[in-house]
Structures are given as structure tokens and as C-alpha cells.
Amino acid sequence: MENKSKQWRFKVRKDLTSVSEFSIRSVLGKLYRAIDATDTRPPIYLGHGDPSTFPCFRTTPVAENSIVDALRSAKFNGYAPGVGILPARRAIAEHLSSNLPYKLSADDVNLTSGCFQAIEVVISVLTQPGANILLPRPAFPTYEARATFSKLEFRHFDLLSEKGWEVDLDAVEALADDNTVAMVIINPGNPCGNVYSYQHLQKIAETASKLGIMVIADEVYDRITFGSNPFVPMGTFGSIVPVITVGSISKRWVVPGWRLGWLVITDPNGILKETKIVESIHGYLNICSDPATFIQGAIPKILEDTKEDFFKNILNTLRQASDICYEKIKDIDCLTCPHKPEGSMFVMVKLNLSLLEDIVDDIDFCFKLVKEESVVLIPGITVGLKNWVRITFAIEPSSLEDALGRIKSFGQRHAKNQ
Ligand SMILES: *Cc1c(COP(=O)(O)O)cnc(C)c1O
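The shown structure was predicted, so the numbers you read here are calculated from the model rather than taken from an experiment. Within each chain, residue numbers correspond to sequence positions counted from 1 in written order. In keeping with the model being predicted, local features are shown solely for residues with a pLDDT of at least 70 and side-chain atom pairs are shown and tallied solely at 80 or more, while totals for entire chains, interfaces and linings include all residues. Each side-chain value is worked out from all heavy atoms of the structure, with water and hydrogens disregarded.

## Some details on the domain arrangement of the protein
Line of reasoning, step 1. What fixes the domain bounds is an automatic or database domain assignment. Taken domain by domain, the protein consists of domain 1 (13-58 + 309-413) and domain 2 (62-305).
Line of reasoning, step 2. Counting the surface lost from both domain 1 and domain 2, the interface buries some 2900 Å², and carbon and sulfur atoms represent 64% of this.
Line of reasoning, step 3. Think of a salt bridge as a Lys or Arg side-chain nitrogen and an Asp or Glu carboxyl oxygen that are within 4 Å of each other. Seen at the junction of domain 1 and domain 2, the total is two salt bridges.
Line of reasoning, step 4. One salt bridge in this structure joins Lys-151 and Asp-15, with 4.0 Å as the shortest N-O distance.
Line of reasoning, step 5. Within 3.5 Å is the distance limit for a polar contact, defined as a pair of N or O atoms, with the added protein rule that one can donate a hydrogen and the other accept it, and that residues adjacent in sequence qualify only through two side-chain atoms. The interface formed by domain 1 and domain 2 holds 13 residue pairs in polar contact (both at pLDDT 80 or more) in total.
Line of reasoning, step 6. Elements with a contribution of two residues or more to the side of domain 1 that touches domain 2: α1 (14-21), α2 (24-33), α12 (308-330), β11 (346-351) and β14 (388-392). Two parts placed together each lose some accessible area under a 1.4 Å probe, and adding up what both lose gives the buried area. Strands are runs of DSSP state E lasting at least 2 residues, helices are runs of H or I lasting at least 4, and numbering of each runs from the N terminus.

This is the structure in C-alpha cells:
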């Protein structure tokens, strides 16, 4: 028998248990398990941002063929350098420069395993004892999770629903201190579907510059816009403030499973190089795993040969879906949508709990909804806003209409008798 009084020295990190419990993946897992198997209707998933299984969102054959060709060439069976292979970095520099007032070089581009890893890298290299980072609320929760994992303090500034989810810049100024290193923006936005104007982005750049902090711009929804504001990359203001841009092919090419992303230095004044942050990013990448080399090998053809028609079709489907979503929500008493989505794949909707009989909060709403109607939504608390819900409209428009019809009858069934 083992000695029962033996003390093992390892302990669980409790902070990680709680971040992973509230991650989108974990919450979705619980919601999926709550689906009633006896419901004869198909479940409708408006929780996650991965429409790759729908025929209308299938990626372009150009991308599929580029992968096959790269694989068959036998040129990409080996290890790649930590920053990624040169032709891929050059192609991404070229691709992003087409939208910028200056030219990026391959040296500005680092390949990562999706945008997720780019977030991990940037948070990790910015972590110092005592440092803090400013994060938007609501937001994509990976930022909080990575900061918690790194033990980097984070402070939230609000996005203002009544102003198209613009950044509350007064709050940014009030939150920042001498230990603040960066602020994060997500544009086009997840979870809000916002697309920021040139003027607002310029104000963000000026505020960050005044505070002496860099901007981390999550542009994973780069050019996925279908409203009146065109997509303007934060790097446009790179001469006002140093910007680290993170992105990937996951959303625009609808291939999140391919795991190819980037971390790009959009800083024409070379401030990040001077302060050795670039060196630290390279050092970090040298001790990480890389995206598969044959996917890297396919990147030049994917970026250069994809036809505009492919993007146009996807954007048309998203525009149609977002219109359906916005119009149908107007018809559902227990939901209010303060701002029509103009980009990305999501919209934030407020729950009018005072109109509902037996629903206590957003989590209760989402669990009862999935049980009774087999419709999955993300509770707002997961992305930082209690008693809101996030709806993904990136699904086949006919299923979306079906789902919103089910949400409407759910709301009527749970309405308070007036
Ligand atoms: C999906 C998403 C990511 C992660 O992208 P991958 O390329 O799949 O790793 C990062 N940021 C935001 C805002 C996202 O919505």
C-alpha cells in the first residue's frame, strides 16, 4: 500500500478552470448536450462562427486545389522556420499592403497557427510583472483567457451600443496608467458585427499614441463587411501609433480548420523593432509549433488566385442573412437589437427579461431555448455582457428564418401575462 499521508507538490491552477469553463467552446458543449433528442426538428446552431459545413459557405476550389498542389509537390514535407516560409510571408505582406498607405515587407509578417496563436504570442510577449492591457467589453473571450493564463492584468473599456459599438475612448484614457502596454480592438467586430469608420479608427490611434501604448488590431474578419462603412485596416494609422495586426484565412476563406494565421507588424516608424518587441516575437515563435508547412506552401496561390466572385457571393449571403436576422428580431418582443450588423458573422441582442415570466438571466434563456426549441445561442455573459445573447447569422438563410421563428414562439410561450 502507498503511504496515504504522501503530499504531491503539484496543484491545479484554479484561475484556468474558470476561464475554460466560460470559454465559448465549453459553453457550447454544455448547450449541445442539452438538446432534446426527442425533438424531431433539426437543431439549429447560431452559437459558433464556423459556417464551413454549409454548401453556400463552401470555400473556393482555388483554395482546395492550392492545398492539393502544395501537398503533391513534395516541397513542403519538412519543418518551416519559426516565422514561417518566405513565399507565404511575402504573399501575405502583398495581400495586406493592397489596403495600406505604405508597403509591408515579408519581414513584417509572422505565420501562426490561426489567429488564436497570434493572440497567444502577442499577449505572451507583452506580459511583464505589473503590466496591464485594455480589452473591449463585449469581446471575443480568448483575450481574457490568454491574459489570465499569462497572468497579465486586464481592464475593460466598454463598446457603446448606442454609438454603433464604438470604443468609449474616455474610458480608455481613464483606465490607462504607466503600466498599460496595449489596447485591443476587434474590427469588424466579434461579437457585435460593428465596422469602424476611418474617423473613429483615427481617434483610437491618436488616443493610444497619447497614452504611449500600442494597438493590437484583431482583423480576422478583414473585408467581411456588407454595410455602409468599408473595412479600414488599423495599420492605416501605423505612423500615428504602432499596430500589431492579427488575422487569418479562417473566416474570409471559411476554412477555420486549416489553422493558418498571421501576426503582422504594421509600424512604418519601426518603434516595435526599436523596443525589441519584434525580436521577442521571433524568440517566442522559435519555441512554438508552426502551421503545417504544406498549408504555408499553398498560401501564395490561395491569396493571389481567389476570384472576387467567391468573396462577393459570401458577402451577399451574409448581407441577406443579416437583413433577415435584423428584421425578424424586430418582431420578437423579448429581444432588442440596438445596432444592425455591418460586418463579421454576429450580432449582439439584448434580452428584455421584464417581459418574460420564468427566465432569470441569459444563461437560463439559452438553456431553456435549446431544450424547448433546439436552437443554440451564446449567452452574452460568455462575451462579457450579462443578459444579452450573441446570434451568429452565418448559416443558410432558410435555417436562420426557421430558427428566428422558433425563438419567437419560445418568447411568446414564456411571456408574462399582461
Ligand atoms: C475566430 C476568431 C479568432 C480565431 O481565428 P482562427 O484563425 O480560427 O484562430 C480570433 N479572433 C476573433 C475575433 C475571432 O472571431
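More follows now that the structure is in view.
## Considering the packing of helix α13 (residues 362-373) against helix α14 (residues 397-413)
Line of reasoning, step 1. Axis separation between α13 and α14 bottoms out at 10 Å; the angle between their running directions is 110°. By the angle between their axes, α13 is roughly perpendicular relative to α14. When the axes of α13 and α14 are compared, the crossing they make is right-handed. Of α14, the residues touching α13 (which contributes Phe-365, Lys-368, Leu-369, Glu-372 and Glu-373) are Arg-406, Ile-407, Ser-409, Phe-410 and Arg-413. Every angle, taken between N-to-C directions, lies between 0 and 180 degrees, and every axis is a line fitted to C-alpha atoms, over only the stretch in contact when it is a helix. For classification purposes, angles smaller than 35 degrees are called roughly parallel, those larger than 145 roughly antiparallel, those between 65 and 115 roughly perpendicular, and all remaining angles oblique. Handedness of a crossing follows from how the near helix is turned relative to the far one, being left-handed for an anticlockwise turn of less than a right angle and right-handed for a clockwise one. Any pair of residues with heavy atoms lying within 4.5 Å of one another is described as a contacting pair.

## Overview of the sheet that holds β14
Two orientations exist for strands paired in a sheet by backbone hydrogen bonds: parallel and antiparallel.
Line of reasoning, step 1. At least two DSSP bridges between two strands are needed for those strands to be called paired. The sheet built from four strands is open, its strands ordered β10-β11-β14-β13 with antiparallel pairing. The sheet is open, and its two edges are formed by β10 (335-336) and β13 (378-379), each paired on a single side.
Line of reasoning, step 2. Two elements, β10 and β11, share two bridges in a ladder whose sense is antiparallel. Looking at β11, one finds that Thr-336 is bridged to Lys-350.

## Topic: the environment of Glu-396
Line of reasoning, step 1. Summarising the element assignment, Glu-396 is placed in the loop between β14 and α14.
Line of reasoning, step 2. Spatially, the C-alpha atoms of Glu-396 and Tyr-102 are 39 Å apart, while their sequence positions differ by 294 residues.
Line of reasoning, step 3. With sequence-adjacent residues up to four places away left out, Glu-396 is seen in contact with Phe-54, Pro-55 and Cys-56.

## Quick word on the pattern of salt bridges
Line of reasoning, step 1. Evaluation of the coordinates by the stated rule reveals 24 salt bridges.
Line of reasoning, step 2. Its salt-bridge partner being Glu-327, residue Lys-330 comes within 3.3 Å of it at the nearest N-O pair. Highlighted residues: Lys-330 and Glu-327, both in helix α12, separated by three residues, approximately one helical turn.
Line of reasoning, step 3. The buried label applies to any residue whose accessible area, calculated with a 1.4 Å probe on protein chains only, is under 20% of its type's maximum; exposed applies above 50%, and partly exposed to all values in between. With a relative accessible area of 54%, Lys-330 lands in the exposed category.
Line of reasoning, step 4. Using a relative accessible area of 45% as the deciding quantity, one classes Glu-327 as partly exposed.
Line of reasoning, step 5. In this structure, a network of salt bridges that share partners links the residues Asp-39, Arg-41, Glu-372, Glu-373 and Arg-413.

## Focus on the site of the ligand
Line of reasoning, step 1. For this purpose, a residue is taken to be near a molecule or strand whenever a single non-hydrogen atom of the residue falls within 4 Å of it. In the vicinity of the ligand, 14 residues are found, and the nearest of them are Asp-218, Tyr-221, Ser-248, Ser-250 and Lys-251.
Line of reasoning, step 2. Within the side chain of Asn-190, one N or O atom sits 2.8 Å away from an oxygen atom of the ligand.
Line of reasoning, step 3. At a separation of 2.7 Å, an oxygen atom of the ligand approaches a polar side-chain atom of Tyr-221.
Line of reasoning, step 4. Surface accessibility in these figures is a Shrake-Rupley result with a 1.4 Å probe; residues are shielded only by whichever protein chains are displayed. Protein contact buries 95% of the 390 Å² of open area that the ligand shows by itself.
Line of reasoning, step 5. The biggest single contributor to the shell around the ligand is helix α5 (residues 114-126), with four residues.
Line of reasoning, step 6. Of the residues contributing to the shell around the ligand, the split by class is seven nonpolar, four polar and three charged. Think of it as three bins: nonpolar holds Ala, Val, Leu, Ile, Met, Phe, Trp, Tyr, Cys and Pro, charged holds Asp, Glu, Lys and Arg, and polar takes everything else, Gly as well.

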